[in-house]
Structure formats: C-alpha cells, structure tokens
Amino acid sequence: MRPLAYIRGNRCWLAALLVVFGSGVVSAGNDWDSFQNGGQVSLSTSAAVGDWKLAPELAWTADLTGYGQSSPVVWGEHVYVTSVEGPEKETYLVSAYALADGKQVWQHKVKNATPQKSSNYVSRAAPTPAADAEGVICFFEGGNLLAFTHKGDVRWERNLADEYGEISSRHGLAASVAQDEQSAFIWVERSEEPYVLSVDKKTGENNWKVAGLGATSWSSPRLVPVAEGQHLVLSASGHLVGLDPESGERLWAFEGISGNTTPTPVPLGDGRFLIGATVGRGNSDAGKSAKSNGVIQITKNDDGAWEADYVWRAKRATSSFSSPIAHNGTAYFINKTGVIFGLDLETGQEKFNKRLGGGVWATPIGIGELVMICGRDGKINLLANSGDEQELSKWEALPEDPEPVAGEKTDRFSASVLYSALWSEQLVLLRRGEALFAVKVVRE
C-alpha cells in the first residue's frame, strides 16, 4: 500500500471535501456507538464554513489482524474493530485502537464456538459491536457473545452455540448488536429455530428470548421510536416485524414487501422508517422491486393494536448492500450498479438520479449540506444538495488496490472492498477487511 503518497496526489479532492465539511461540528460528537450509529446517519453541523479543514493526507492507518466485514465503533478515545483468522475461522478477535493515532491499545482472542471453513461467500466477523460508557459488547456469527471494559477486561462471556445449538445459515450471520441503555439485542436468524435475544448489558443474562422470523436476512435489528417508546424492527425476506423491546412480544407484522434481506431500517421519527430492498439476481424489473423501497409508518389503531404500512413506495429507486438514508428532506437510495436516487422524503417523488461509477457497500452519511458516499473501491463521492442542483465530485480516499500475488485468485469479495465508513467529530474512519484508515479534520 502507498497511503500517504497516494493521498498527497489527490489534494484537489481533499480541498473539495474541506469546503463541504467546513460547515461545522457534527452534533453527535466523537461517539459512533453501533452499526450505522443506531440509524443516526444524518448529522447536523453548527460552526461557520471555513472553521474546519481536512488534513492533506491520511491521519493514520492500522493493519488489522485477520479479516472482518463489521463496521468499527467509536467510544471516547477508542476505536473497536472485530475480525476473524484461520482457515476454519478458528479465532475471533476484538481489537481496540487509539482514536488519536491508530496505535493498538489491546486485543483479545477467543475460540470460535462454531468453526467453519473461511470463505468469501460466508460472513467473516460481520456483526458490528455496540459500545457505551461501560465498554463494548461483541457478537460473532459462530455464536460467541462477550462484553469488555474499555481497558480490555472481559466483563462476561457466553457461548450461544452451547446454549441453543449450532448456528448454521446460508452465507452466515450479519446482524449487528443493537442496544438501548439497559439491554443489547442479538438476532440469530439461523436456518432452523431462529431466535432473538435481549440481554442485560451489565450481566449478559437474558431478559427474554423469542422466535426469529424464519426467513433469509443479513440486515440488523433496529430500534425505531414510536409515540409510546420504541419498537425493535426486524427485516427479513418478505417480512417486517416489530417487537416490544421490554418483553419481546410481537406487536405487528407486515408482509407486503420483497427483496429486503440486506438493508437495515433507518428511523425517521414518529414511527416512520426508511426501508431498502434489492433487485434479485437476473431480475430486470427494477420498477417492481422499487415498490418495496420507501417509507413505512407504524401506527396504533383505535382498538390498541399496532400495524405498519407504506407512506409511499419508490417508482424506480432500489437498494443494494447499503441502507437508504434521509438527509435534509431527501431520501437517498443506491442501487447495485451505483446509481444514487434522491427522493422527496415526504412524497417519494424523484428529485434526481446520478451515476456514481461503482457499487457501494457502506451506508452513506449525511453531514451538513453534504452526503458522503463511500464506494466499495475506496472512492468517496461528495454530493452537495443545494435546492434543485446536485453537484457530484470524487475524492480518491484510499490507495489503489494492492497488486495481486502471482497465482492468487481474486474476486469482488477481496480485501479491497470498503465495507464501512463513519464520522467521529474530527475523523472520517474507513474500514476494509484487513485495514482501518483515518482522515483527520482539524480546526483552523
């Protein structure tokens, strides 16, 4: 890799990023505590333009032990990352890095509860952990569930494969840890007898255990605010379900949807959430698939029963690996060929569409007047939304893909895939399977 030299050659795009990031401080501050920040990916800024600038090179890089598809999370001074190593995925790793300079602070290794041949087609440390003031809670697709202090000490540890049987599912599990103040939510949508757990974050003991959905899913559970609290929303092929986070009771179910196996619901407030759905392999009828992309409203009937239904459905916009987001009154969907659609958040009317030039795995982030879209190849697209005009620029964020080793087979699931991106006040963090990159934003 040639990170610093490569970035120095792209200062024009760093300058472009400076202009848009210059709108100020992200209100969320340093912490990005879970997958997609719990769905809070639309961030406001307050400082005047010009108060901030982006450093003309990577702030730091960290080569990770093993390989992982999860997103990093940030709490306080630490970045937490999970990964797996070994030909049979024998060992899971939880690593903490200093947010300031990328130096490793501690690393913990744990024996995989359900070893399986490591493959590009089976999840590899895909679930993202969740962090809070007490530490970090990590779940791995083999069934290991454990919690650490911020110093790296084990608080509690469980083997869900021992407790509830072997975990087997098509392409593995990817559901990340969701959390509220007291509980962590773990979704094991395995092939047989799937289940959902709520565990006490302090002790690791079950609050409740209920049946899963019995359908294919690589999305994550998501807490969606409603008038009387929150619902834990699960999205699996052909199904949406809302659970009571306190009891696990199934409050509502909705089946008028398809293709919703990968994107995770994104809350909008007042019982509404964005849902994304993908075009199936060999399916050329994107318009039919688009009808499953849109905004869904959770409501309570006069008889006290909950239900969910579409507020609007998209006409052309579809999703891929990334979830749709809402920012500044616009809903953004990115399809599998790298076309981004901007739809009016209230009506679903299409405002614009633009080709990004490649596929996207990481969910976009809205920052001030910017939508930051990080392509699977490491290129960042900056979409400024000012009135009816959209200006798209590109920034070559990461070094070029490493040269393939002679005789080594490569494919689209190689280490060069950019899986996730997050914002942590003064850093943009980007995660590939085997590396973590940080670009610094500094105050003038």
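Residues numbered from 1 in each chain as written. Predicted model: local features only at pLDDT ≥ 70, side-chain atom pairs only at ≥ 80, totals over all residues. Heavy atoms only, no water.

## Quick word on the overall build of the chain
- Along its length, the chain carries four helices and 33 strands.
- Each of the 444 residues in the chain was classed as buried or not, and the buried ones make up 57%.
- Expressed as a percentage of contacts within the chain between residues at least 6 apart in sequence, the contacts between residues at least 24 apart total 55%.
- With an accessible surface of roughly 18,100 Å², the chain has 46% of that area assigned to carbon and sulfur atoms. (Helix = DSSP H or I, 4+ residues; strand = E, 2+ residues; numbered from the N terminus. Buried < 20%, exposed > 50% of the residue type's maximum accessible area, 1.4 Å probe, protein only. Contact = heavy atoms within 4.5 Å. Areas by Shrake-Rupley, 256 points an atom, 1.4 Å probe, with all protein chains shown as cover.)

## Notes on the environment of R222
- Tracing the sequence through the fold places R222 in strand β15 (residues 222-226).
- By relative accessible area, R222 is classed as buried at 3%.
- Residues R222 and A178, 44 residues apart in the sequence, show an inter-C-alpha distance of 6.4 Å.
- Setting aside its immediate chain neighbours within four residues, R222 contacts F35, Q36, G38, G39, H231, L232, V233, T264, P265, V266 and P267.
- For R222, the side chain forms a polar contact with the main-chain oxygen of P265, separated by 2.7 Å. (Polar contact = N/O pair within 3.5 Å; in protein donor to acceptor, adjacent residues only side chain to side chain.)

## Points about the sheet that holds strand β20 (residues 272-275)
- The strand order β19-β20-β21-β22 describes an open sheet built from four strands, whose pairing is antiparallel. Only two strands of the sheet have a single neighbouring strand rather than two, namely β19 (266-269) and β22 (306-313). Across the sheet, the mean angle from the axis of one strand to that of its neighbour is 30 degrees, orientation sign disregarded.
- Direction of pairing for β19 relative to β20: antiparallel, over a ladder of three bridges. In the sheet register, P267 faces β20, and the bridge partner there is F273. (Pairing = 2+ DSSP bridges. Axes fitted to C-alpha atoms, helices over the stretch in contact; angles between N-to-C directions.)

## Comments concerning the pairing of strand β6 (residues 104-111)
- Relative to β6, strand β5 (residues 91-98) runs antiparallel, the two sharing seven bridges. Pairing of A96 across the sheet is with W106, part of β6.
- What sits between β5 and β6 in their antiparallel hairpin is a turn of five residues, with G102 showing a positive phi close to 80 degrees.

## Notes on the nonpolar core
- W32, V79, M372, I373, C374, L429 and L430 are the most contacted members of the largest nonpolar core, which totals 45 residues.
- In contact with I373, other than residues within four places in its own chain, are I334, I340, L356, V360, P364, K379, I380, N381 and L383.
- Counting 16 residues, the second largest nonpolar core, distinct from the first, contains I137, W156, V177 and A184. (Core = buried A, V, L, I, M, F, W, Y, C linked by side-chain atoms within 4.5 Å.)

## Some remarks on the sheet that holds strand β24 (residues 330-334)
- In spatial order, the strands read β23-β24-β25-β26; together these four strands make up an open sheet with antiparallel pairing. Each end of this open sheet is capped by a strand with a single partner; those strands are β23 (325-327) and β26 (350-355). Adjacent strand axes in the sheet meet at a mean angle of 25 degrees, parallel and antiparallel pairs treated alike.
- Of the strand pairs in this sheet, β24 and strand β25 (residues 339-344) are connected by five bridges, and their pairing is antiparallel.

## With respect to the side chain of S219
- In this fold, S219 is placed in the loop between β14 (206-211) and β15.
- According to the relative accessible area criterion, S219 is buried, its value standing at 2%.
- Reaching out from S219, the side chain makes a polar contact with the side chain of S217 at a distance of 3.1 Å.
- Setting aside residues up to four positions removed in sequence, S219 forms contacts with A175, W187, S235, T261, T262, P263 and T264.

## Quick look at the packing of aromatic side chains
- One pass over the full model with this rule turns up eleven aromatic pairs.
- Residues Y67 and Y419 carry aromatic rings whose centres are separated by 6.2 Å and whose planes lie at 85 degrees to one another, so their mutual orientation is edge-to-face. With a gap of 352 residues between them, Y67 in the loop between β2 (52-63) and β3 (73-75) and Y419 in strand β31 (residues 418-424) connect regions that are remote in the sequence.
- When the centroid spacing of 6.0 Å and the interplanar angle of 50 degrees are considered together, the rings of Y80 and W106 count as tilted. (Phe/Tyr/Trp six-rings, centres within 6.5 Å; stacked < 30°, edge-to-face > 60°.)

## Side note on the environment of R272
- Within the fold, R272 resides in strand β20.
- Residue R272 is classed as partly exposed on the basis of its relative accessible area, which comes to 25%.
- Residues R272 and V224, 48 residues apart in the sequence, show an inter-C-alpha distance of 7.6 Å.
- Excluding residues that lie within four positions of it along the chain, R272 makes contacts with V224, P267, V295, I296, Q297, V311 and E346.

## Here we look at the confidence of the model for the chain
- Looking at the chain, the pLDDT average stands at 84 and 82% of residues meet or exceed 70.
- Low pLDDT (under 50) marks residues 1-28, which in the prediction has 86 contacts with non-local residues, meaning those over four places away or in another chain.
- For residues 404-413, every residue scores under 50 in pLDDT, and the model assigns this stretch 13 contacts once sequence neighbours within four places are set aside. (pLDDT = per-residue confidence, 0-100.)

## Regarding the pattern of salt bridges
- Taken as a whole, this structure holds eight salt bridges when the rule is applied.
- Across the pair K109 and E85 runs a salt bridge, and its minimum N-O distance is 3.4 Å. Here the residue K109 occupies a position in strand β6, and E85 occupies one in strand β4 (residues 78-85), the gap between them amounting to 24 residues.
- Given a relative accessible area of 48%, K109 falls into the partly exposed group.
- Under the relative-accessibility criterion, E85 is labelled partly exposed at 25%.
- Between E141 and K89 there is a salt bridge; the shortest N-O distance is 3.0 Å. Within this pair, whereas E141 is found in the loop between β8 (135-139) and β9 (144-148), its partner K89 is found in the loop between β4 and β5, the two being separated by 52 residues in sequence. You'll find E141 and K89 in the same group, each marked buried. (Salt bridge = Lys/Arg side-chain N within 4 Å of Asp/Glu carboxyl O.)

## Section: the side chain of T82
- Within the fold, T82 resides in strand β4.
- Residues within four places of T82 in sequence aside, it is in contact with G68, S70, L93, V94, A125, P127, P129, C138, F140 and R431.

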